[in-house]
Amino acid sequence: MPFRPRYTGVIDRYRDFLPIHEDTRIISLGEGNTPLIRLHNIQRELGKEVNIYVKYEGLNPTGSFKDRGMTMAITQTVNAGNQAVICASTGNTSASAAAYAARAGITAFVLIPDGKIAQGKLAQAMMHGAIIFQIQGNFDDGMRLVKEVASHAPVEIVNSINPFRLQGQKTAAFEIIEELGRAPDYHCLPLGNAGNISAYWLGYTQFYQIGIVTTRPRMCAYQASGAAPFLRGHPVENPETIATAIRIGNPQSWDKAWAAQRESGGWFDEFSDEEILATQKLLAEREGIFCEPASAIAVAGALRDVKSGKIPEGSTITCTLTGHGLKDPDTAIRQSTGPVIKVKATLEEVKGAILDHLV
Ligand SMILES: *Cc1c(COP(=O)(O)O)cnc(C)c1O
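Residue numbers here run from 1 along each chain, matching the order of that chain's written sequence. Residues qualify for local features only when their pLDDT is at least 70, as the model is predicted, and side-chain atom pairs are given and counted only at 80 or more; totals for whole chains, interfaces and linings, by contrast, use all residues. Side-chain calculation: all heavy atoms of the structure are included, whereas hydrogens and water are not.

## A closer look at the nonpolar core
Note that soluble globular proteins tend to have their nonpolar side chains buried in a common cluster.
Moving on, step 1. Among the nonpolar cores identified, the biggest contains 34 residues, and L39, I52, C188, V299, I317, C319 and L321 are the most heavily contacted of them.
Moving on, step 2. Every helix listed is a DSSP run of H or I at least four residues long, and every strand listed is a run of E at least two residues long, numbered separately from the N terminus. Those elements that place two or more of their residues in this core are α2 (41-46), β2 (51-56), β7 (186-190), β8 (218-224), β9 (267-271), α12 (273-287), α13 (293-307) and β10 (316-321).
Moving on, step 3. Looking at this core element by element, the count peaks at 9 residues for α13.
Moving on, step 4. In contact with V299, other than residues within four places in its own chain, are L39, V54, T279, L283, C319 and L321.
Moving on, step 5. Put simply, a nonpolar core is a bunch of buried Ala, Val, Leu, Ile, Met, Phe, Trp, Tyr and Cys residues held in one set by side-chain atoms that sit within 4.5 Å of each other. Only protein chains enter the accessibility calculation, which uses a 1.4 Å probe; a residue is then buried when its area is under 20% of its type maximum, exposed when over 50%, and partly exposed in between. Core analysis: the next-biggest nonpolar cluster, separate from the first, contains 29 residues, I20, L36, I177 and F207 among them. Throughout, a residue-residue contact means that at least one pair of heavy atoms, one from each residue, lies within 4.5 Å.

What follows is the structure, encoded as structure tokens:
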């Protein structure tokens with residue numbers, strides 16, 4: 001059995017492509033290196049000749065892609081001598097900031113919206129010892145506050161307006177190219193604050209410009225209908241969706257996302273909460289892959305666009321599953337139709353119940 005060097009995270013792995021000095025002390029939890037899983041059952045039922053892969057980012061250390069960016073942001077700020085970071089968050093950024101700040105031995109302040117945060121994400125921020133401010137407002141209010149506070153207090157912003165976040169997150173595009181041996185034809189992903197689409201485009205473009213690949217994918221990004229500023233063409237006042245990770249009305253990387261769409265020849269589209277939840281269930285039931293609601297919208301988009309012919313047969317499509325389904329157990333349990341059957345703890349009863357289900 002040949003030995004393999006221990007995997008130590010995206011900065012070590014992609015150091016040559018990141019703005020990082022050789023003697024920098026790296027804060028990592030082994031993020032990245034997530035599986036690219038080919039859809040089997042869903043694809044067969046689709047009846048179209050396409051290759052759909054999902055990049056399962058829910059398997060990062062804190063359960064979302066945010067870790068790729070956070071290792072860069074926290075590493076940079078610690079090496080600059082800073083002692084505290086701050087972010088506004090719908091949940092995953094705060095979970096990630098809290099964990100990496102704990103690892104670095106610095107303080108994380110997180111602003112979360114009142115009541116609209118998934119339980120798993122809140123639990124993470126609490127466990128990692130972040131200082132949590134629950135504001136009477138939504139993510140956009142939190143983001144505005146964070147930007148104001150950061151110019152009045154010694155705290156570094158680790159939202160995706162921090163350029164180091166995008167640098168780290170672009171490594172997901174590198175991994176996809178390495179595994180496919182080429183760039184995909186289409187890349188589908190959810191669109192919230194618009195950091196991730198910008199980061200992927202940065203990554204695909206970098207490998208394209210170096211000459212590692214000869215093509216770049218069309219970037220296809222999807223929003224929840226109740227929180228779809230890119231579809232409306234302007235910020236949305238009171239964004240609402242069950243997919244709390246993309247419940248954002250005033251995306252910070254607005255221009256970068258439009259540039260990615262335009263330069264790549266991709267598009268934006270929207271889905272209802274019902275469609276989002278149906279796709280989350282489909283992935284869980286048919287492929288054994290549990291992602292959070294916001295993530296499922298990427299696959300909803302790919303499937304709809306393949307069915308309509310907008311994405312032609314013969315295409316290779318990658319979808320980012322941005323966060324793990326365990327982040328939001330309440331939404332999962334609430335929408336589950338599968339019965340939990342109460343039985344007496346006897347062989348007779350359990351056997352009877354099993355046979356009932358096999359006929
Ligand atoms: C942050 C996040 C998004 C949105 O990404 P942006 O970079 O804000 O567009 C989507 N899904 C999940 C699970 C997230 O945590």
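Moving on from the model shown.
## Examining the environment of E313
Moving on, step 1. With respect to the helices and strands, E313 occurs in the loop between α13 and β10.
Moving on, step 2. Residue E313 is classed as partly exposed on the basis of its relative accessible area, which comes to 48%.
Moving on, step 3. Along the primary structure E313 and E49 are separated by 264 residues, whereas in three dimensions their C-alpha atoms are 5.1 Å apart.
Moving on, step 4. Ignoring anything within four residues of it in the chain, the contact list for E313 reads K48, E49 and V50.
Moving on, step 5. Polar side-chain contacts of E313 include one of 2.7 Å to the backbone nitrogen of E49. Under this definition, polar contacts are N or O atom pairs within 3.5 Å; protein pairs additionally need one hydrogen-donor-capable and one acceptor-capable atom, and for neighbouring residues in sequence, both atoms have to be side-chain atoms.

## A word on the pattern of salt bridges
Moving on, step 1. Within this document, salt bridges are pairs made up of a side-chain nitrogen of Lys or Arg and a carboxyl oxygen of Asp or Glu, the two lying within 4 Å of each other. Summed over the entire model, instances satisfying the criterion amount to 15 salt bridges.
Moving on, step 2. The closest approach of N and O atoms between E175 and K55, which form a salt bridge, is 2.6 Å. Within this pair, whereas E175 is found in helix α8 (residues 171-180), its partner K55 is found in strand β2, the two being separated by 120 residues in sequence.
Moving on, step 3. Its relative accessible area of 7% is what places E175 among the buried residues.
Moving on, step 4. Given the relative accessible area of 0%, K55 is considered buried.
Moving on, step 5. Measuring nitrogen to oxygen at the nearest pair gives 2.6 Å for the salt bridge that ties R182 to D185.
Moving on, step 6. Using a relative accessible area of 27% as the deciding quantity, one classes D185 as partly exposed.
Moving on, step 7. Here the residues in one salt-bridge network are K55, E57, R68 and E175, joined through shared partners.

## Concerning the pairing of β8
Moving on, step 1. Counting buried positions along β8 yields 6 of 7 residues, so the element is predominantly enclosed.
Moving on, step 2. Bridging between β7 and β8 involves 5 bridges; their strand directions are parallel. Pairing of P190 across the sheet is with Y222, part of β8.
Moving on, step 3. Orient the strands so they point away from the viewer; a crossover is then right-handed if the path from the first strand over the helix to the second runs clockwise. Taking the sense of rotation as the criterion, the β-α-β connection linking β7, helix α9 (residues 195-210) and β8 turns out right-handed.
Moving on, step 4. Looking at chain direction, β8 and β9 are connected through 5 bridges and run parallel. Across the sheet, A224 pairs through a bridge with F271, a residue of β9. Strand pairing is defined by DSSP finding a minimum of two bridges between the two strands.

## Section: helix α6 (residues 139-150)
Moving on, step 1. Working rule for helices: expected span equals 1.5 Å times residues minus one. In a regular helix each residue adds 1.5 Å, so 12 residues correspond to 16 Å; α6 covers 16 Å between its end C-alpha atoms and thus fits that length.
Moving on, step 2. All of the buried residues in α6 are F139, D140, G142, M143 and V146. Burial along α6 is one-sided: seen end-on, the buried residues are contained in an arc of 160°.
Moving on, step 3. Looking at where α6 begins, the residue whose side-chain oxygen comes 3.0 Å from the main-chain nitrogen of D140 is N138. What the arc describes is the spread of directions from the helix axis to the C-beta atoms.

## Some thoughts on the site of the ligand
Moving on, step 1. One heavy atom suffices: a residue is near a molecule or strand as soon as one of its heavy atoms comes within 4 Å of it. Near the ligand, the surroundings consist of 16 residues, among which K66, N92, N193, N196 and T322 are the closest.
Moving on, step 2. A distance of 2.8 Å separates an oxygen atom of the ligand from a polar atom in the backbone of A194.
Moving on, step 3. Here an oxygen atom of the ligand and a backbone polar atom of N196 are 2.8 Å apart.
Moving on, step 4. Mapping the ligand onto the cavity grids shows that it belongs to the largest cavity.
Moving on, step 5. Of the residues belonging to the shell around the ligand, the class tally is 7 nonpolar, 7 polar and 2 charged. Grid points spaced at 1 Å and placed over the protein atoms alone form the basis of the search, with a cavity being a set where a 1.4 Å probe fits but cannot get out and a pocket an open set showing protein on both sides within 12 Å along at least five of seven lines. Lining residues have an atom within 4 Å of a point. Molecule-in-pocket calls rest on the fraction of atoms, with more than half required to lie within 2 Å of the cavity or pocket grid points. Gly is put with the polar residues, along with every residue not named as nonpolar or charged; the nonpolar set is Ala, Val, Leu, Ile, Met, Phe, Trp, Tyr, Cys and Pro, and the charged set is Asp, Glu, Lys and Arg.

## Notes on the layout of surface pockets
Moving on, step 1. Taken as a whole, the largest pocket encloses approximately 210 Å³ of empty space.
Moving on, step 2. Top element by residues in the lining of the largest pocket is α8. It accounts for 3 residues.
Moving on, step 3. Grouping the amino acids of the lining of the largest pocket by side-chain chemistry returns 3 nonpolar, 2 polar and 7 charged. Grid points are joined across faces, edges and corners, and a volume is the space filled by probe spheres set on the points.

## Details of a nonpolar patch on the surface
Moving on, step 1. Only residues whose relative accessible area exceeds 30% and that take part in no salt bridge are eligible for patches, with like-charged residues grouped when within 9 Å of each other and nonpolar side chains (Val, Leu, Ile, Met, Phe, Trp, Tyr) grouped when within 5 Å. Note on areas: Shrake-Rupley with a 1.4 Å probe; residue coverage comes only from the protein chains shown. A cluster of nonpolar side chains, contributed by I341, V343, V350, I354, L355 and L358, occupies part of the molecular surface with about 540 Å² of accessible area.
Moving on, step 2. Locating V343 in the fold gives a position in the loop between α14 (329-335) and α15 (347-358).

## So, the environment of K307
Moving on, step 1. Take K307: it is sitting in helix α13.
Moving on, step 2. Classification of K307 as exposed rests on a relative accessible area of 57%.

## Some words on the packing of aromatic side chains
Moving on, step 1. Only Phe, Tyr and Trp rings are paired, with Trp represented by its six-membered ring, and only when their centres lie within 6.5 Å; those with planes under 30 degrees apart are stacked, over 60 edge-to-face, the remainder tilted. Here the structure, examined in full by the defined rule, presents 13 aromatic pairs.
Moving on, step 2. Judged by centre distance (5.9 Å) and plane angle (45°), the ring pair of Y186 and W267 falls under tilted. Of this pair, Y186 sits in strand β7 while W267 sits in strand β9, and the two are 81 residues apart along the sequence. Here Y186 matches W267 in class, with each residue buried.
Moving on, step 3. Residues W258 and F268 carry aromatic rings whose centres are separated by 4.9 Å and whose planes lie at 75° to one another, so their mutual orientation is edge-to-face. Note that W258 is positioned in helix α11 (residues 254-264) and F268 in strand β9, a separation of 10 residues in sequence.
Moving on, step 4. For W258, a relative accessible area of 26% corresponds to the partly exposed category.
Moving on, step 5. Residue F268 is classed as buried on the basis of its relative accessible area of 11%.
Moving on, step 6. Within the aromatic cluster, the residues linked to one another by ring pairs are Y14, F17, F174 and F207.
Moving on, step 7. Between R13 and the ring centre of Y14, over which it is positioned, the NZ or CZ distance is 4.7 Å. Remark: a charge is flagged as sitting over a ring if the NZ atom of Lys or the CZ atom of Arg is within 6 Å of the ring centre and within 35 degrees of the ring normal.

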